[in-house]
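# Breakdown of the fold
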Amino acid sequence: DLVLHVTGARPNFPKAAPVIRALADLGVPQELIHTGQHYDEKMSDVFFRELGLPKPDVNLGVGSGSHAGQTAAIMTGLEEIFLSRNPGMVVVYGDVNSTVAAALVASKLQIPVAHVEAGLRSFDMSMPEEINRLVTDRLSNLLLATSPDAIAHLGNEGTDPDKIHLVGNPMIDTLLANVDRFDADRARTEYDLGDRYIVATLHRPGNVDDPADAAALVKAMHAVADQAEIVLPLHPRGRARLEAAGLFDHPKLKVIDPLGYVEFLGLVRGASAVVTDSGGVQEETTMLGVPCLTLRPNTERPVTITHGTNRLVTREALPQVVADVLAAGRSETWPTPPLWDGHAGERIAAVIKQYLRD
Ligand code: UD1
Ligand code: UDP
């Protein structure tokens, strides 16, 4: 039975890589579909090169659009592919529009769906990702969870426990497999940084889409840059609005283009702190032991707070929290979440193979 992986956006690629590798080791036939949701070299191709992902068998090239327009284009493209390939299973990753589109198309064609990173909940329906998570999980036949809280949420929603598997975090497999390549010294030289610097990433609609939010964010980031140099590889989404709000006008805040995976995590590894609204970066900082200040009112990844280095911060509180974190320094030891051990891909592959056999 053919397994079809559907990916499309930057955070999908480090999650899919270990699953594809582990299924290949088990001899399971598979193909990789790229929806084209992300298409810039630094949002897509660089991950294929750096993570040794196979070249996509198909790229739908859907590009950007409104939620409905983008999701519909992905669905139309996938329907044709699924009908021609007739896969035994479709594997979807995370919570982006490509994820929910694939789950909808597959389930209506009676093709079983496996959702990698099932059960995460922010309980914030203003996030498009929360809608994508709820719908995808409801339609999935295999719910592959990265943390125990996810199991509890799925249970509360009445999901059949036989479908749910705690498998650990494949994004962390990718991190652990590449950690020796994360070169903080090289990043320091490249960006002319001292010992103490901060890395930031910002792209959530709640932070960057509205001009008033963008202005408040810029004010907070400038107050941070007064204390320590910031390097900010900026996602294309917020770029124009943040630039208009004056983001680039601080001498100690370097705004750069998105970085490749290895370069980005090299920079993160050497940082005194990370300021972010990314989902994946909350997890990666937790593993690298770098304090993470998440500029959001909630997180679907609470395990990074209870078992990691993450904390939620408002824009207003950010400058003072950064001051505290810089004064305290990085801790020598910290807990990490259960099963974030580099072997999630193998566990996921075993569950999928068993499902196909039954
Ligand atoms: C998407 C995901 C979000 C995830 C993020 C990771 C959805 C609903 N959102 O948000 O959960 O955290 O990816 O990065 O799926 N753009 C480019 N080049 C690209 C891709 C996008 O310039 O290669 C610009 C376009 O102007 C586009 C905008 O970014 O309109 C937003 O892209 P889109 O894929 O719609 O959502 P993201 O904000 O990237
Ligand atoms: N990332 C990267 N380069 C960057 C910023 C992020 O390689 O300039 C990686 C990051 O290490 C993580 C993934 O992109 O593996 C997270 O994607 P993103 O923050 O776009 O999405 P989210 O996790 O918020 O959905």
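Structure first, text after, so check above.
Residues numbered from 1 in each chain as written. Chains lettered and ligands numbered in written order. Predicted model: local features only at pLDDT ≥ 70, side-chain atom pairs only at ≥ 80, totals over all residues. Heavy atoms only, no water.

## A closer look at unusual backbone geometry
Put simply, the rule is: Numbering goes from the N terminus for both helices and strands, where a helix is a DSSP run of H or I of at least four residues and a strand is a run of E of at least two.
Notably, Gln-110 is not glycine yet its phi reads approximately 60 degrees, a positive angle. Position of Gln-110 among the secondary structure elements: in the loop between helix H4 (97–108) and strand S5 (113–116). In the Ramachandran plot, Phe-123 falls in the positive-phi region, its phi being about 60 degrees despite a non-glycine side chain. Structurally, Phe-123 can be placed in the loop between S5 and helix H5 (128–139).

## Remarks on the site of ligand 2
Heads up, the rule is: Whether a residue is near a molecule or strand depends on its heavy atoms: it is near if one of them lies within 4 Å of it. Each polar contact in these results corresponds to two N or O atoms within 3.5 Å; when the atoms are within protein, one needs to be able to donate a hydrogen and the other to accept it, and residues that are neighboring in sequence are counted only if both atoms are side-chain atoms. Each accessible area value is a Shrake-Rupley result obtained with a 1.4 Å probe; residue values ignore everything except the protein chains displayed when judging cover. With a 1 Å grid spanning the protein atoms alone, the term cavity applies to any set of points in which a 1.4 Å probe fits but cannot get out, the term pocket to an open set with protein on both sides within 12 Å along at least five of seven lines, and the term lining residue to any residue with an atom within 4 Å of a point. More than half of a molecule's atoms within 2 Å of the grid points is what it takes for that molecule to sit in a cavity or pocket. Only Asp, Glu, Lys and Arg are considered charged, only Ala, Val, Leu, Ile, Met, Phe, Trp, Tyr, Cys and Pro nonpolar, and every remaining residue, Gly among them, polar.
Inspection of the region around ligand 2 gives 18 residues, with Arg-204, Leu-259, Ser-278, Gly-280 and Glu-284 positioned closest. Here a nitrogen atom of ligand 2 and a backbone polar atom of Leu-259 are 2.7 Å apart. Contact with the protein chains removes 97% of the 530 Å² of surface that ligand 2 exposes when unbound. Judged by the proximity of its atoms to the pocket grid, ligand 2 belongs to the largest pocket. Those elements giving two or more residues to the shell around ligand 2 turn out to be helix H12 (261–269) and helix H13 (279–288). Split by residue class, the shell around ligand 2 holds 10 nonpolar, 5 polar and 3 charged.

## Some points on the sheet that holds strand S1 (residues 3–7)
The following threshold applies: DSSP-based pairing: two strands are paired if at least 2 bridges between them are found. The contact definition used throughout considers only heavy atoms, calling two residues in contact when any of these lie within 4.5 Å. An axis is simply a line fitted to the C-alpha atoms; with a helix, the fit covers only the stretch in contact. Between two such axes, the angle follows the N-to-C directions and lies from 0 to 180 degrees.
Reading across the sheet, the 7 strands line up as S3-S2-S1-S4-S5-S6-S7 and stay open at both edges, with parallel pairing between neighbours. Two strands lie at the open edges of the sheet, namely strand S3 (58–59) and strand S7 (164–166), each paired on one side alone. Looking at chain direction, S5 and strand S6 (residues 142–145) are connected through 3 bridges and run parallel. Paired with Ala-114 across the two strands is Leu-142, which belongs to S6. The strands that helix H1 (residues 12–25) touches are S1, strand S2 (30–34) and strand S4 (89–93); relative to S1, the one it contacts most, it runs at about 165 degrees.

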